[in-house]
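# Structural overview
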Amino acid sequence: MKKLLFSALFFISIVSFGQTAVGINTKTSKLDWKGSKIIGSHNGNVNFSSGKLFIKNGVLTGGEFVIDMNSITCTDITDAGTNAKLIGHLKNDDFFATDKHPTASVKITKVEKLKSKKGTYNIKADLTIKGITNSVSFPATLTKSGNKYVAKANMNIDRTKWDVKYGSASFFESLGDKAIKNEIEFGISLESL
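Residues numbered from 1 in each chain as written. Predicted model: local features only at pLDDT ≥ 70, side-chain atom pairs only at ≥ 80, totals over all residues. Heavy atoms only, no water.

## Overview of the pattern of salt bridges
As a working rule, side chains carrying opposite charge can pair if their charged atoms are close by. Note the cut-off: The salt bridge criterion pairs a side-chain nitrogen of Lys or Arg with a carboxyl oxygen of Asp or Glu, the two atoms within 4 Å. Exposure classes here rest on a 1.4 Å probe applied to the protein chains alone. A residue is buried below 20% of its type maximum, exposed above 50%, and partly exposed in between. Think of it this way: any DSSP run of H or I at least four residues long counts as a helix, any run of E at least two long counts as a strand, and we number them from the N terminus.
Evaluated as defined, the whole model comprises five salt bridges. For the salt bridge of Asp-93 with Lys-100, the shortest nitrogen-to-oxygen distance reads 2.8 Å. Overall, Asp-93 belongs to the partly exposed group, its relative accessible area being 44%. On the basis of relative accessible area, Lys-100 is assigned to the exposed category, the value being 51%. Between Lys-130 and Asp-163 there is a salt bridge, with the nearest N and O atoms lying 3.9 Å from each other. Placement of the pair is Lys-130 in the loop between strand E7 (120–129) and strand E8 (132–145) and Asp-163 in the loop between strand E9 (148–158) and strand E10 (180–191), with a sequence separation of 33 residues. Classification of Asp-163 by relative accessible area gives partly exposed; the value is 37%. Bridged by salt links that share partners, the residues Lys-130, Asp-163 and Lys-165 form one connected network.

## Considerations on the side chain of Lys-130
Filter applied, for reference: Think of a polar contact as two N or O atoms within 3.5 Å of one another; within protein, one of them needs to be a possible hydrogen donor and the other a possible acceptor, and neighboring residues in sequence only count if both atoms come from side chains. Only heavy atoms matter for contacts: two residues are in contact if any of them lie within 4.5 Å across the pair.
On the basis of relative accessible area, Lys-130 is assigned to the buried category, the value being 12%. Among the polar contacts made by the side chain of Lys-130, one reaches the main-chain carbonyl oxygen of Phe-95 at a distance of 3.0 Å. At a separation of 2.8 Å, a polar atom in the side chain of Lys-130 contacts the main-chain carbonyl oxygen of Asp-163. Among residues more than four places away in sequence, those in contact with Lys-130 are Asp-93, Phe-95, Phe-96, Ala-97, His-101, Trp-162, Asp-163 and Val-164.

## Re the packing of aromatic side chains
Filter applied, for reference: When the centres of two rings from Phe, Tyr and Trp lie within 6.5 Å, Trp using its six-membered ring, the rings pair. Their planes under 30 degrees apart give stacked, over 60 give edge-to-face, and anything left gives tilted.
Under the defined criterion, the tally for this structure stands at three aromatic pairs. Their ring planes at 40 degrees and their centres at 6.4 Å tell us that Phe-95 and Phe-96 sit as a pair that is tilted. One exposure class covers both Phe-95 and Phe-96, and it is buried. Taking 5.2 Å as the distance between ring centres and 55 degrees as the angle between the ring planes, the aromatic pair formed by Phe-95 and Tyr-166 counts as tilted. Remark: Tyr-166 occurs in the loop between E9 and E10 and Phe-95 occurs in the loop between helix H2 (80–91) and strand E6 (103–113); sequence separation between them is 71 residues. Overall, the relative accessible area of 36% leaves Tyr-166 in the partly exposed class. Taken together, the ring pairs in this structure connect Phe-95, Phe-96 and Tyr-166 into an aromatic cluster.

## Describing the pairing of strand E3 (residues 30–37)
Using the following cut-off: Should DSSP find at least two bridges between two strands, the strands are regarded as paired.
Looking at chain direction, E3 and E10 are connected through seven bridges and run antiparallel. Bridge assignment links Lys-34 to a residue of E10, and that residue is Glu-185. Between the antiparallel neighbours E3 and strand E4 (residues 41–56) lie three residues, among them Gly-40 with a positive phi of about 95 degrees.

## Considering the environment of Asp-126
Inspection of the secondary structure puts Asp-126 in strand E7. A relative accessible area of 29% means that Asp-126 is categorised as partly exposed. Residues Asp-126 and Asn-45, 81 residues apart in the sequence, show an inter-C-alpha distance of 20 Å. In this view, Asp-126 contacts Ser-105, Val-106, Lys-107, Thr-109, Thr-133, Asn-134 and Ser-135; residues no more than four positions away in its chain are not counted.

Now the structure itself:
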């Protein structure tokens, strides 16, 4: 009886109101980041630890994702020592405090399907970093290749809204060319299982 009840609940949670929850492949899905200074920039990746897209009749209707903040890497610094120093700094309290906040999350709250081009959307979502949640909006696409879905999006945020203020000229004076821009750029590529 318990097995039957569990199976029924699982089915209801997966197929709700005609929509299907499609898990993402955390090995092939990726989140690229880019942070810029007055002079130069750094970029890298962060891994998803879990996630799912909600799809109804081939149309994106929602999604929710968990990001492993301890997986952050830098791909533009080739010197191992310098690279490790930057990653350590990104993980400490000046930036993402990954010991206290090991995950970040994105939960889609609204999807607007655009009529101009098939598979294009405007997305509104709650982004939680360091335990702070703010609403973000960004464009996205969803395509189907064989039996897999691929979603892509670009999202820019003002990091200071999530208490990531290190090196921000908005909060610290006399930084000159050492100032770090408030904007972080994200490139998101999700592939279903």
